[in-house]
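Residues per chain, in single letters:
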Amino acid sequence: MLNKVLNKIINSISTYKENSNKLVLKANFLEKKLDDQENIIKINLNENRKLREEITKINSTLTKILDNPEKHNKNIIPESIGHNSISKVDFYQEENIRLGSELNDTRKKFEILKSEIDKYQIQRSNLITKINSVNEALDDTNVLTNVFENEVKNKVNIVDHN
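Residues numbered from 1 in each chain as written. Predicted model: local features only at pLDDT ≥ 70, side-chain atom pairs only at ≥ 80, totals over all residues. Heavy atoms only, no water.

Visitor: Can you break down the overall build of the protein chain residue by residue, with the values?
Guide: Of the regular secondary structure elements, the protein chain holds three helices and zero strands. Along the chain direction, N to C, the helices and strands of the protein chain fall in the order α-α-α. Looking at the protein chain as a whole, 4% of its 162 residues are labelled buried. Residue pairs at least 24 apart in sequence account for 38% of intrachain contacts in the protein chain once pairs closer than 6 positions are excluded. A total accessible area of about 15,000 Å² is found for the protein chain, and carbon and sulfur atoms account for 59% of it. (Helix = DSSP H or I, 4+ residues; strand = E, 2+ residues; numbered from the N terminus. Buried < 20%, exposed > 50% of the residue type's maximum accessible area, 1.4 Å probe, protein only. Contact = heavy atoms within 4.5 Å. Areas by Shrake-Rupley, 256 points an atom, 1.4 Å probe, with all protein chains shown as cover.)

Visitor: Got a sec to walk through the packing of aromatic side chains? Specific residues and values, please.
Guide: Applying the stated criterion across every chain yields a total of one aromatic pair. Measuring from ring centre to ring centre gives 5.3 Å for Phe-91 and Tyr-92, while their planes differ by 65°; the resulting arrangement is edge-to-face. With a relative accessible area of 47%, Phe-91 lands in the partly exposed category. Looking at Tyr-92, the relative accessible area reads 43%, which means it is partly exposed. (Phe/Tyr/Trp six-rings, centres within 6.5 Å; stacked < 30°, edge-to-face > 60°.)

Visitor: How would you sum up the confidence of the model for the protein chain? Please name residues and give values.
Guide: Residues with a pLDDT of 70 or more make up 75% of the protein chain, whose mean pLDDT is 81. When mean pLDDT is compared element by element in the protein chain, helix α1 (residues 2–67) scores highest at 90, while helix α2 (residues 76–81) scores lowest at 50. (pLDDT = per-residue confidence, 0-100.)

Visitor: Quick one: what's the story with the pattern of salt bridges, residue by residue and with numbers?
Guide: As enumerated under the stated definition, the model contains five salt bridges in all. Across the pair Glu-53 and Arg-49 runs a salt bridge whose closest N-O atoms are separated by 3.0 Å. Residue Glu-53 and its partner Arg-49 are located together in helix α1, separated by four residues, close to a single helical turn. The exposure class assigned to Glu-53 is partly exposed, which follows from its relative accessible area of 46%. Two residues, Arg-98 and Glu-102, come together in a salt bridge whose shortest N-O distance is 2.5 Å. Placement of both Arg-98 and Glu-102 in helix α3 (residues 85–141) is noted, with a separation of four residues, approximately one turn of the helix. The network of salt bridges with shared partners includes Glu-95, Arg-98 and Glu-102. (Salt bridge = Lys/Arg side-chain N within 4 Å of Asp/Glu carboxyl O.)

Visitor: Requested: an account of a nonpolar patch on the surface, with residues and values cited.
Guide: A cluster of nonpolar side chains, Leu-2, Val-5, Leu-6, Ile-9, Ile-10 and Ile-13, forms an exposed patch at the surface whose accessible area comes to about 560 Å². Along the chain, Leu-6 turns up in helix α1. (Patch = residues over 30% accessible without salt bridge, like charges linked within 9 Å, V, L, I, M, F, W, Y side chains within 5 Å.)

Quick look at the structure:
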């Protein structure tokens, strides 16, 4: 009986010890995680401070430029706004690519429209030729003359200016 009680006490102590070890491991893990989060917050705060300083610098530069536009040349604006040359180069490269693709698209549209206009002009010329041939055939047959006056009037001749 005493052995049973002692075994129960020993078992409960061992489970308590295991649980406390688990809790200690969890606490250590959470402390490490908390330290990592604090470091991330410090880094973000530092970056936010730097960004605020850059924004203030850019705002002051823009204010100077807007207050005295005749003193500032257009070539100075990109240099004063950009914070490093790599980002300016990337910006201009991306802008160049965008403009190049827009120009290419515009050229393709122009070629398509030009070919469509050529097709319509060819169709127009064909229609004018057919109308003129019908007019000539009608002139030769005198089908449309007035029976009472018996005069043949000149028909309108359409000329293709192309």
